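Fold and geometry: a report
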Amino acid sequence: MVEAAAPARADVVIRGGTVIDGSGAPRFRADVAVNGDRIVALGDLGRTAGTREIDATARIVAPGFIDVHTHDDRALLSRPDMAMKASQGVTTVIVGNCGVSLAPLAAARPIPPPMDLLGDAHWYRFPTVAAYVRALEEAPPAVNAGFLVGHSTLRVGAMDDVGRAARQPEIAVMQERLREGMAAGAIGFSTGLFYGPNRAAPTDEVVALAEVAAAAGGLYVTHMRDEHDGVEQSLDETFAIGRRAKLPVVISHHKCAGAKNFGRTRQTLKRIDEARRRQDVGLDVYPYAAGSTVLLANLLDEGIKVLITWSKTAPAEAGRYLADIARDWGISERAAADRLQPAGAVYFMMDEDDVRRVLSYPDAMIGSDGLPHDEKPHPRLWGTFPRVLGHYARTLGLFSLEEAVRKMTGLSARRFGLLDRGAVTGGAFADLVVFDPDRIADTATYDDPIRPAAGIDCVIANGEPVWVDGHSTGTRPGRVLRRRG
Ligand code: ZN
Ligand code: CU
């Protein structure tokens, strides 16, 4: 345990709590003192007076959680209190996942799915990543944000038709824009090779861009081409991209989707283990057996339940099952899906045992993949982190609370190069969450998804409380976190 010299005064003293420091190490009793935006002392601080005192008796004091997989690019601007994340104890989000980033793209034309998850063309108004970063810094949100540059966004900006491979001059344009993004501090480059605007990109095109990210010390983060029957080939493609472009890869929301593939995470995790002997591979996962994205015909074939999260043409159907809507309308599910477009959905397409196996994988980070602009969002938007701590760690005993916290703090900060974050230690940034280990729980459900977690007392970002006793404080101390080489 670190015990820095106790100061006589501090801005904040969190007293009487038990610290889980984010490294995976066992918990220990310690008061925590904060001055400005940093943790300045840990230990018995009986002689330190805090301008603000927080009683953490019978509580855990942990690093603020890092949501490594988000689509909060626009929410940071349009909902700067970030209540859906701050309420869970999240103090940092990584945006720009799945090939979709708000920048760099100044779009005059309709935005194709799934990019419309972030908003319509009106929201795509940042011709450079630097312009997006400037907007965030001028109107900061409650939490910190690191960002990735998305391949679909680059393709829509550089190509007249995203339904084909990019030609050399288009690749050059995308490389130049990605270079600008990396110079503006992007942590890496993301793809969503499963999706329409990204699918026609061959591996070589991805490598040509990943090399630009690599040259700037960045990561390659991917929603792979296939998470269904071809998941192992997709893993191989991902590893090949990492090796050819010489950069670390992160596999997004790892899963084996579709009833035929239930149980296959036994093989995929083994394959990831093998690859890790040769190269740097990370992954993230959300703690639910259902996924969510735009409504896509090719995800309807599996005989799985589909819940509509939003629809532009039939907004009243949000929150209802596609099968029920189809029955009411007297048409097939496929026809009903067509009529609902553009729309979003939750797909019950995973095996719970697979979800647990991936969650338990030592190098798996927690990422919500929440969709903040959906009418009836997947409950992961409000529930991910408390669900891992409450349901999976405490109730099911899948892993210790220390391990659960490490998967959402220390591990993630190291992987994404977030300097002095994700740790409760002297000198680190004061991103902190105080929670009740006996009560922490997700309360958001598929039926009632917009509900803050239980058991979170206080959330502090850069030394300032942003969420206290169930409410946003209105303070917005979030910062843009740039990649540190
Ligand atoms: Zn994705
Ligand atoms: Cu995603």
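Remember, it's a predicted structure, so these values are computed and weren't measured experimentally.

**Some details on the overall build of the protein chain**
Within the protein chain one finds 15 helices and 24 strands. The C-alpha atoms of the protein chain give 22 Å as radius of gyration, which agrees with the globular expectation for 485 residues (23 Å, within 12%). Counting only C-alpha atoms, the protein chain reaches 70 × 50 × 45 Å along its principal axes. Expressed as a percentage of its 485 residues, the buried residues of the protein chain come to 62%. In the protein chain, the share of contacts with a sequence separation of at least 24, taken over all contacts with a separation of at least 6, comes to 75%. Counting every atom, the protein chain has about 17,000 Å² of accessible surface; 50% of that belongs to carbon and sulfur. Here the protein chain carries 57 positive and 61 negative side-chain charges, and the mean point of each set is 2 Å from the other.

**Quick look at the coordination of the zinc ion (ligand 1)**
Surrounding the zinc ion (ligand 1) are the protein donor atoms Cys98 (SG), His223 (ND1) and His253 (NE2), which sit 2.1 to 2.2 Å from the metal. Here the donor residues of the zinc ion (ligand 1) share one chain and are spaced in sequence as C-x124-H-x29-H.

**Some thoughts on the packing of aromatic side chains**
By the definition in use, this model includes eight aromatic pairs. A ring pair is formed by phenylalanine 65 and phenylalanine 385, whose centres lie 5.9 Å apart and whose planes are at 10°; its orientation type is stacked. Of this pair, phenylalanine 65 sits in strand S8 (residues 65-67) while phenylalanine 385 sits in helix H13 (residues 380-395), and the two are 320 residues apart along the sequence. The class for phenylalanine 65 is buried, based on a relative accessible area of 0%. When the ring of tyrosine 321 is compared with that of phenylalanine 348, the centres are 6.3 Å apart and the planes differ by 35°; the resulting orientation is tilted. Taken together, the residues span a long stretch of sequence, with tyrosine 321 in the loop between strand S18 (306-311) and helix H10 (322-329) and phenylalanine 348 in the loop between strand S19 (343-347) and helix H12 (352-360) at a distance of 27 residues. Overall, tyrosine 321 belongs to the partly exposed group, its relative accessible area being 22%. A connected cluster of aromatic rings, assembled from ring pairs, spans Tyr288, Tyr321, Phe348 and Tyr446. Against the face of tyrosine 286 rests arginine 380, its NZ or CZ located 4.5 Å from the ring centre.

**Description of the coordination of the copper ion (ligand 2)**
His69 (NE2), His71 (NE2), Cys98 (SG) and Asp369 (OD) make up the full set of protein donors to the copper ion (ligand 2), lying at 2.1 to 2.3 Å. In this structure, the copper ion (ligand 2) is surrounded by four donor atoms whose angles at the metal cover 83 to 167°, and the resulting shape is irregular. Each donor residue of the copper ion (ligand 2) lies on one chain, and together they are spaced H-x1-H-x26-C-x270-D. For the pair the copper ion (ligand 2) and the zinc ion (ligand 1), the metal-to-metal distance amounts to 2.9 Å, and cysteine 98 bridges them. Linking histidine 69 in the loop between S8 and helix H1 (75-78) with cysteine 98 in the loop between strand S9 (90-95) and strand S10 (105-106), this pair joins segments that are 29 residues apart in sequence. The buried category is assigned to histidine 69, whose relative accessible area is 0%.

**What to know about the pairing of strand S16 (residues 281-285)**
When you tally the buried positions in S16, you get five out of five residues, the bulk of the element. Inspection of the sheet shows strand S15 (residues 249-251) paired to S16 by three bridges, in the parallel sense. When the sheet's bridge partners are listed, valine 249 is paired in S16 with valine 281. Since S15 and S16 lie parallel, the crossover through helix H9 (residues 265-276) that links them has a hand, and here it is right-handed. As paired strands, S16 and strand S20 (residues 364-366) are joined by three bridges and run parallel to one another. Bridge pairing in S20 places valine 285 opposite isoleucine 366.

**Describing the packing of helix H4 (residues 151-158) against helix H5 (residues 168-183)**
As a packed pair, H4 and H5 sit with axes 9 Å apart at the nearest point and diverge in direction by 125°. Relative to H5, the element H4 is oriented oblique. Helix-helix and strand crossings are classified by hand; for H4 and H5 the assignment is right-handed. Across from His151, Leu154, Arg155, Gly157 and Ala158 in H4, the residues of H5 making contact are Glu170, Val173, Met174, Arg177 and Leu178. Counted by class, the contact of H4 with H5 contains five nonpolar, two polar and three charged residues.

What counts and how
Residue numbering note: each chain is counted from 1, following its sequence as written. Going through the entries in the order they are written, you letter the chains from A and number the ligands from 1. Totals for whole chains, interfaces and linings use all residues, but because this is a predicted model, local features are given only for residues with pLDDT of at least 70 and pairs of side-chain atoms are given and counted only at 80 or more. Heavy atoms from the whole structure form the basis of all side-chain values; hydrogens and water molecules are not counted. Strands here are runs of E lasting at least two residues and helices are runs of H or I lasting at least four, both read from the DSSP assignment and numbered beginning at the N terminus. Each radius of gyration reported is based on C-alpha atoms, and the globular scaling rule is 2.2 Å times the count of residues to the power 0.38. Summary of the burial criterion: residues with accessible area below 20% of their type's maximum are buried, those above 50% are exposed, and those between are partly exposed, where the area comes from a 1.4 Å probe applied to protein chains only. The contact definition used throughout considers only heavy atoms, calling two residues in contact when any of these lie within 4.5 Å. Accessibility throughout is a Shrake-Rupley quantity obtained with a 1.4 Å probe, and a residue counts as covered only by protein chains that appear here. Neither His nor the chain termini are counted; the positive set is Lys and Arg, and the negative set is Asp and Glu. Charge placement uses NZ in Lys and CZ in Arg. For Asp and Glu, CG and CD serve respectively. Think of the donor list as every N, O and S atom within 2.8 Å of the metal, or within 3.2 Å for Na, K and Ca; water never makes the list, so a site can look incomplete. Aromatic contacts are taken between Phe, Tyr and Trp rings whose centres are within 6.5 Å, Trp giving its six-membered ring; a plane angle under 30 degrees counts as stacked, one over 60 as edge-to-face, and the others as tilted. Comment: the charge-over-ring label is applied if NZ (Lys) or CZ (Arg) is within 6 Å of the ring centre and within 35 degrees of the ring normal. Site shape is set this way: if four donors have all angles between 85 and 135 degrees, tetrahedral; if opposite donors are over 155 degrees apart and all others between 65 and 115, square planar for four donors and octahedral for six; otherwise irregular. Paired strands, in this sense, are two strands between which DSSP finds at least two bridges. By convention, orient the strands away from the viewer: a clockwise path from the first strand over the helix to the second makes the crossover right-handed. Between N-to-C directions, angles cover 0 to 180 degrees, with each direction set by a line fitted to C-alpha atoms, over the stretch in contact for helices. Should an angle lie under 35 degrees it is considered roughly parallel, over 145 roughly antiparallel, and from 65 to 115 roughly perpendicular; all remaining angles are considered oblique. Helix crossings get a hand from a simple test, with the near helix turned counterclockwise from the far one by less than a right angle marking a left-handed crossing and a clockwise turn marking a right-handed one. Polarity classes work like this: nonpolar for Ala, Val, Leu, Ile, Met, Phe, Trp, Tyr, Cys and Pro, charged for Asp, Glu, Lys and Arg, and polar for all others, with Gly in that last group.

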